[in-house]
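Chain by chain, the residues:
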Amino acid sequence: MQRLQLDPEEKITRKEYLKRKKKQASGLKTRSKITYIIIGLMALLSIYVFTQFYVYSKANNFKYVAGDDVEKQEVFNVYYVLEGYTYNPVYSLNTIHSNGFNDKTLYYNSGLTDVQVGKEYVYGVKNDGIYRLKKGTKELETLIEKDVSKYTVIDSKIYYITKKEGKLGIIDLPTKEIKVLDISGVCEVIADENNLFLVQDKKTKKILIRCDKDGGNSKELVTNENVSYIIQSTDKIFFVNKKDGSKIYSINKTGENLQKVDDISSVSDKGSMKEIDGKKYMFVSENFLYYINVSDNNTLWKINIDNKEKEKVISVSVEILQNVNNTVFYKVKDEMGAYLYNYDTKFMSQVTKRKIKEFIVDPYEKVVVDTTNSSGLVKN
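Given the structure is predicted, the values throughout are model-derived calculations rather than measurements.

What follows deals with the environment of Ser149. Assignment of secondary structure puts Ser149 in strand β8 (residues 148-154). Residue Ser149 is classed as buried on the basis of its relative accessible area, which comes to 16%. Residues Ser149 and Gly166, spaced 17 residues apart in sequence, show a C-alpha to C-alpha distance of 7.9 Å.

This part takes up unusual backbone geometry. Backbone geometry at Lys176 places phi at a positive 65 degrees, although glycine is not the residue there. The backbone of Asp334 sits at a positive phi, close to 65 degrees, despite the residue not being glycine. Relative to the helices and strands, Asp334 is located in the loop between β25 (327-332) and β26 (338-342).

Between side chains of opposite charge, pairing is possible as soon as their charged atoms come close. Scanning the model with the defined rule gives 16 salt bridges in all. Asp362 is the salt-bridge partner of Lys135, the closest N and O atoms lying 2.6 Å from each other. Of this pair, Lys135 sits in the loop between β6 (129-134) and β7 (140-144) while Asp362 sits in strand β28 (residues 356-367); the two residues are 227 residues apart in sequence, bridging distant segments of the chain. Of the charged contacts in the structure, one is a salt bridge between Asp263 and Lys247, with a shortest N-O distance of 3.5 Å. Taken together, the residues span a long stretch of sequence, with Asp263 in strand β19 (residues 259-265) and Lys247 in strand β18 (residues 247-252) at a distance of 16 residues. Where salt bridges share partners, they join Arg132, Glu141 and Lys176 into one cluster.

Quick look at the packing of aromatic side chains now. This model, assessed by the stated rule, comprises eight aromatic pairs. Centre to centre, the rings of Tyr290 and Tyr343 are 4.7 Å apart; their planes meet at 40 degrees, and the pair counts as tilted. Here the residue Tyr290 occupies a position in strand β21 (residues 288-293), and Tyr343 occupies one in the loop between β26 and β27 (348-352), the gap between them amounting to 53 residues. Connected via pairs of aromatic rings, a cluster forms that spans Phe283, Tyr290 and Tyr343. The residue whose ring lies beneath Arg132 is Tyr121, and the NZ or CZ to ring-centre distance is 3.8 Å.

Each regular strand carries side chains that alternate between the two faces of the sheet. For strand β24 (residues 318-324), the buried fraction is high: five of the seven residues fall into the buried class. Pairing geometry for β24 and β25, over six bridges, is antiparallel. Residue pairing across strands places Ile320 opposite Lys331, the latter belonging to β25. Where β24 hands over to β25, the hairpin turn is made up of two residues, of which Asn325 adopts a positive phi near 50 degrees.

Let's shift gears to the sheet that holds strand β13 (residues 195-201). As a general point, the strands of a sheet are linked pairwise by backbone hydrogen bonds and lie either parallel or antiparallel. Strand order in this open sheet of four strands is β12-β13-β14-β15, and the pairing throughout is antiparallel. With one partner strand each, in any of the chains shown, β12 (186-191) and β15 (219-222) form the two edges of the open sheet. Between one strand and the next, the sheet's axes are offset by a mean angle of 30 degrees, whatever the strand orientation. Relative to strand β14 (residues 206-212), β13 runs antiparallel, the two being bridged by seven bridges. In the sheet register, Asn195 faces β14, and the bridge partner there is Asp212.

Conventions used here
- Residues numbered from 1 in each chain as written.
- Predicted model: local features only at pLDDT ≥ 70, side-chain atom pairs only at ≥ 80, totals over all residues.
- Heavy atoms only, no water.
- Helix = DSSP H or I, 4+ residues; strand = E, 2+ residues; numbered from the N terminus.
- Buried < 20%, exposed > 50% of the residue type's maximum accessible area, 1.4 Å probe, protein only.
- Salt bridge = Lys/Arg side-chain N within 4 Å of Asp/Glu carboxyl O.
- Phe/Tyr/Trp six-rings, centres within 6.5 Å; stacked < 30°, edge-to-face > 60°.
- Lys NZ or Arg CZ within 6 Å of the ring centre and 35° of its normal.
- Pairing = 2+ DSSP bridges.
- Axes fitted to C-alpha atoms, helices over the stretch in contact; angles between N-to-C directions.

Structure follows, in structure tokens:
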């Protein structure tokens, strides 16, 4: 207990002294009660904040959401490029399961962008060269050192476009043999079992051509429109026509039946095709064409190819997307993170909330989730 403070000249009786000490003790007891109450309230507040944070951190994980749709949802491995916060961004290659667990860095400061996946390797562009990283390792291998604008991995080959002349190059992955075809002005390339389909820049417009996989038997399919980018279904090529206000058109792979799908518009290039990859903006599933609708703030829509009925699928501005087994993985424009939406079950979840630059879902690597033991899982 504190000592009783008296003035230097003050004199009091023993009775007065005891009276003041009793009053002092009563005041200290009152202050102590207030202190304990404040401490108790702070403790309760801390517990509440911690509980809310815990609940929030679990809210977007399959494990903590009940329902058959969660159990039906396939889990994939997602590779993503994490952009640093510096003036000159440092790009690191990371991976996370699509249920939000097992988030980890594969290769810090890898410098890889435009990441794509094959059965055994992860591919990317660095300093205008193509590199690959064997899955499960940190073995970064150079496939071609320079002069690469963009590329696509199709089966056992990489088709790439040279930066200087826009020529089409082919890397045979088993042998690593490189061949550059005598086709210039190429902006985009896709392939099916038999043919390559190329967007070729003719200076005043871009046309669509088809050729054999070795570059022979070239045929112009679309010449009087202005082709922005292309995707394919089993028997059709779909493209955005800049000549007609970025409306979506289709043509049979045989070169017949060129037509406007409907009065709908999607994303188009702004003059350069380097950053344009058609499958990041449109895809065909069953009898529906899914597309980013620029007329509705870049939300995701679908249209029935036969009867032209349209429906909004995702009501936020989609920047890029990828379709894997009836699930759309997408990045929201001007926001961090990535999400998934199963358009059959209507199940939606956040994959990660980190500041990603791009992502690619690995369709070859399906993750088996152990629902009986989650001790080894790591949440992003």
